[in-house]
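# What the coordinates show
This is what each chain is made of:
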Amino acid sequence: MDVNAAVAAAAAIAGLCTGVIAMLAFRWSEREQRRPTRTSLHTDAVLPPGVDTVLSVLRSSAVVLDESDSVVKASSAAYALGLVRGGKLAVEPMLHMARDTRRDGEIRQVELDLPRRGTGRGEALAVSARVAPLGSRLVLLLVEDLTEARRIEAVRRDFVANVSHELKTPVGALSLLSEAVMDASDDPEAVTRFAGRMQIEATRLTNLVQELIDLSRVQNDNPLEDAEPVRVDELVAEAIDRSRQPASTKQITMAAGGTADLHIWGNRGQLAAALGNLVENAVNYSPARTRVGVSAHRVAAPGGDLIEIAVTDQGIGISEKDRERVFERFYRVDPARSRATGGTGLGLAIVKHVAASHGGEVTVWSSEGQGSTFTLRLPEAGAVRDRQATGPDRVDEDDDRPYDTDPNAEIPAPEVLP
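The numbers attached to residues start from 1 for each chain and follow its sequence in the written order. Predicted model: local features are reported for residues with pLDDT of at least 70 only, side-chain atom pairs are reported and counted for 80 or more only, and whole-chain, interface and lining totals are derived from all residues. Neither water nor hydrogens contribute to the side-chain values; these are computed over all heavy atoms in the structure.

## Here's the deal with the nonpolar core
In this structure, Val-232, Ile-309 and Val-311 are the most contacted members of the largest nonpolar core, which totals 45 residues. Contributing elements (two or more residues each) for this core: α7 (188–220), α8 (232–242), β9 (253–258), α10 (268–284), β11 (291–299), β12 (306–312), α13 (347–357) and β14 (371–379). By the criteria applied, helices consist of DSSP H or I runs no shorter than four residues and strands consist of E runs no shorter than two, each listed in order from the N terminus. With 8 residues, α10 is the single largest residue contributor to this core. For this analysis, a nonpolar core means a set of buried residues of the types Ala, Val, Leu, Ile, Met, Phe, Trp, Tyr and Cys, connected via side-chain atoms within 4.5 Å. Between buried and exposed lies partly exposed: a residue is buried under 20% and exposed over 50% of the maximum accessible area for its type, with that area taken using a 1.4 Å probe on protein chains only. Formed by 23 residues, the second largest nonpolar core is a distinct cluster that contains Ala-74, Val-91, Met-94 and Ala-98.

In structure tokens, the structure reads:
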């Protein structure tokens, strides 16, 4: 009995010790949880109430500095711009502004060009920085990224300058020709010759103004508001008919081929203008007695089938350095040839905007002296295709009947160059 009593007493003492140790550990854990951490001292205890919430919803990049220039709070955009690194403000001009504002309490603002992170080309990042005191010890820095705004403004200035230059040329020519007509009033042949030149310049001016209107429309309008299923073969036929007269003058053969009965979902007028510009360019930049081909095919794509419309010519081709810029407004590969053909330099820019607004793209393959292939890739009107697939008049996808040629004529469908 004495042994059993001793064992029971030892077990009771051990249980009591375990309970005391567990209670002490629990109390110590609670004390540690209530103790403020370094992060909380830097944010919750230092920032005035509500400031953290306000900074989190600002569109600007926000940085809060304490009296030792340490970063108390920084938004994710500030890290993305490279303003904060290693818990410090990494831009010296902004750091000097913050120190001056902390000293005198004045609000300061400045625009800076900063090196862009992760690029070795020295591209500048345009920002506007505004520094203001936040309480008695903190300084708030707000930074706006102005890079895109500056780029748009530069594009707008260039556009206005280019438009002014392009309008000045035909207007000046009309002025000079009108003076020549007045001076040659007693020479009927000279009057006729000058009047013909005036008609050419007036036509060029009219085309330029119309293409400016078209470009403005495709940039500002939403083509999908008035979208409808558009037959590709009708677009091709209309584009070929639009350039039939100048092609006939140069004895250029125009052929159309590819898969029939394809449909695109979009604005018919804009799509017709875009394809018409491509065919017109192909004719204008092709030598006499050559061939211009237009073909359309369906190609599979991860997001849904696409319709590829390729316009191929055997013209002068485009050099590699010019290929990247041919879709810029007013850019001409050969300015002298553009003046001879009446080109405005806006046709391909319109094609690019129409393709982008319809969820597609336009690409170019070219080789100097061999010709060019411009390819429009646009989403297919899926609903129309589904109806055709289930209806009685389903069209075979491999049907390569030409669009605008005699079915008995031996004109092969033009191949899309690589």
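## Digging into the sheet that holds β11
Pairing between sheet strands relies on hydrogen bonds along the backbone, with the strands arranged either parallel or antiparallel. Pairing in this open sheet of 5 strands is mixed, and the strands run β9-β11-β12-β14-β13 from one edge to the other. Looking at the sheet topology across the chains shown, the edges are occupied by β9 and β13 (361–367). Direction aside, the axes of adjacent strands within the sheet are offset by 15° on average. Following DSSP output, two strands are said to pair if at least two bridges run between them. Sheet analysis places β11 next to β12, joined by 7 bridges and oriented antiparallel. Within the sheet, the bridge partner assigned to Ser-295 lies in β12 and is Ala-310. Against the sheet, α8 engages β9, β11 and β12, with an angle of about 175° to β9. In what follows, a contact means two residues having at least one pair of non-hydrogen atoms within 4.5 Å. An axis is simply a line fitted to the C-alpha atoms; with a helix, the fit covers only the stretch in contact. Between two such axes, the angle follows the N-to-C directions and lies from 0 to 180 degrees. On top of the sheet, α10 reaches β9, β11, β12 and β14; it is set at about 25° to β12, its chief contact.

## Remarks on the sheet that holds strand β2 (residues 71–74)
Spatial ordering of the open sheet is given by β2-β1-β7-β6-β5, a layout of 5 strands whose pairing is antiparallel. The sheet is open, and its two edges are formed by β2 and β5 (108–115), each paired on a single side. Between one strand and the next, the sheet's axes are offset by a mean angle of 25°, whatever the strand orientation. Across 3 bridges, strand β1 (residues 61–65) lies against β2 in antiparallel orientation. For Val-64, the partnering residue across the bridge sits in β2 and is Lys-73. Helix α5 (residues 92–104) rests against β1, β5, β6 (124–134) and β7 (138–145) of the sheet, and its axis sits at about 165° to β5.

## Concerning the layout of surface pockets
One number sums up the size of the second largest pocket: a volume of about 270 Å³. Counting only elements with at least two residues in the lining of the second largest pocket, the list comes to α6 (147–183) and α13. Considering each element in turn, the lining of the second largest pocket owes the most residues, 4 residues, to α6. Across the lining of the second largest pocket, the residue classes tally to 5 nonpolar, 2 polar and 5 charged. Here a cavity denotes grid points, spaced 1 Å and computed from the protein atoms alone, that fit a 1.4 Å probe unable to get out, and a pocket denotes an open set having protein on both sides within 12 Å along at least 5 of 7 lines; residues with an atom within 4 Å of a point are the lining. Grid points are joined across faces, edges and corners, and a volume is the space filled by probe spheres set on the points. As a working rule, the residues Ala, Val, Leu, Ile, Met, Phe, Trp, Tyr, Cys and Pro are called nonpolar, Asp, Glu, Lys and Arg charged, and the rest polar, with Gly in that last group.

## Quick word on the side chain of Asp-313
For Asp-313, the location among the structural elements is in the loop between β12 and α11 (320–323). Under the rule applied, a polar contact is a pair of N or O atoms within 3.5 Å (in protein, one hydrogen donor and one hydrogen acceptor; residues adjacent in sequence only if both atoms are side-chain atoms). A polar side-chain atom of Asp-313 sits 2.9 Å from the main-chain amide nitrogen of Gly-315. With residues near it in sequence (within four places) discarded, Asp-313 still touches Ala-282, Ser-286, Arg-291, Val-292, Gln-370, Gly-371 and Ser-372.

## Examining the packing of aromatic side chains
Working definition: rings of Phe, Tyr and Trp (its six-membered ring) pair if their centres are within 6.5 Å, and the pair is stacked with planes under 30 degrees apart, edge-to-face with planes over 60 apart, and tilted otherwise. Tallied over the entire structure, the rule returns 1 aromatic pair. Summarising the aromatic geometry, the rings of Phe-327 and Phe-374 are spaced 6.1 Å apart at their centres and angled 80° between planes, so their arrangement reads as edge-to-face. Of this pair, Phe-327 sits in the loop between α11 and α12 (335–341) while Phe-374 sits in strand β14; the two residues are 47 residues apart in sequence, bridging distant segments of the chain. Of the two residues, Phe-327 and Phe-374, neither departs from the other in class, the shared state being buried. Here the basic side chain of Arg-193 rests over the ring of Phe-194, its NZ or CZ set 5.1 Å away from the ring centre. Remark: a charge is flagged as sitting over a ring if the NZ atom of Lys or the CZ atom of Arg is within 6 Å of the ring centre and within 35 degrees of the ring normal.

## Things to note about the confidence of the model for the chain
The predictor's confidence in any single residue is recorded as pLDDT, a number from 0 to 100. Residues at a pLDDT of 70 or more form 73% of the chain, whose mean pLDDT is 76. For the chain, the element scoring lowest by mean pLDDT is helix α2 (residues 38–42), at 39; β12 scores highest, at 94. The low-confidence segment residues 32–45 (pLDDT under 50) makes 6 contacts with residues lying over four places distant or belonging to another chain. The model gives residues 383–418 a pLDDT under 50, and that stretch makes 62 contacts with residues more than four places away or in other chains.

## As for unusual backbone geometry
Despite not being glycine, Asp-69 shows a phi value in the positive range, around 65°. Phi angles above zero are rare outside glycine, and Gln-251 is one such case at about 55°.

## Concerning the packing of α10 against α13
In helix packing, the relevant descriptors are the interaxial angle and the interaxial distance, both defined with respect to the helix axes. As a packed pair, α10 and α13 sit with axes 9 Å apart at the nearest point and diverge in direction by 140°. With respect to α13, the axis of α10 lies oblique. Here the hand of the crossing between α10 and α13 comes out left-handed. Facing Gln-270, Leu-271, Ala-274, Asn-277, Leu-278 and Asn-281 of α10, the residues of α13 in contact are Gly-347, Leu-348, Ile-350, Val-351, Val-354 and Ser-357. A breakdown of the residues in the contact of α10 with α13 according to their chemical character gives 7 nonpolar, 5 polar and no charged. Roughly parallel covers angles under 35 degrees, roughly antiparallel covers those over 145, roughly perpendicular covers 65 to 115, and oblique covers all other angles. Should the near helix be turned counterclockwise from the far one by less than a right angle, the crossing is left-handed, whereas a clockwise turn marks it as right-handed.

## Some points on the environment of Leu-376
Considering the arrangement of structural elements, one finds Leu-376 in strand β14. Here Leu-376 falls in the buried class, since its relative accessible area comes to 3%. A sequence separation of 102 residues divides Leu-376 from Ala-274, and the C-alpha atoms of the two residues are 9.1 Å apart. In this view, Leu-376 contacts Leu-278, Ile-307, Glu-308, Ile-309, Val-351, Ala-355, Glu-361 and Val-362; residues no more than four positions away in its chain are not counted.

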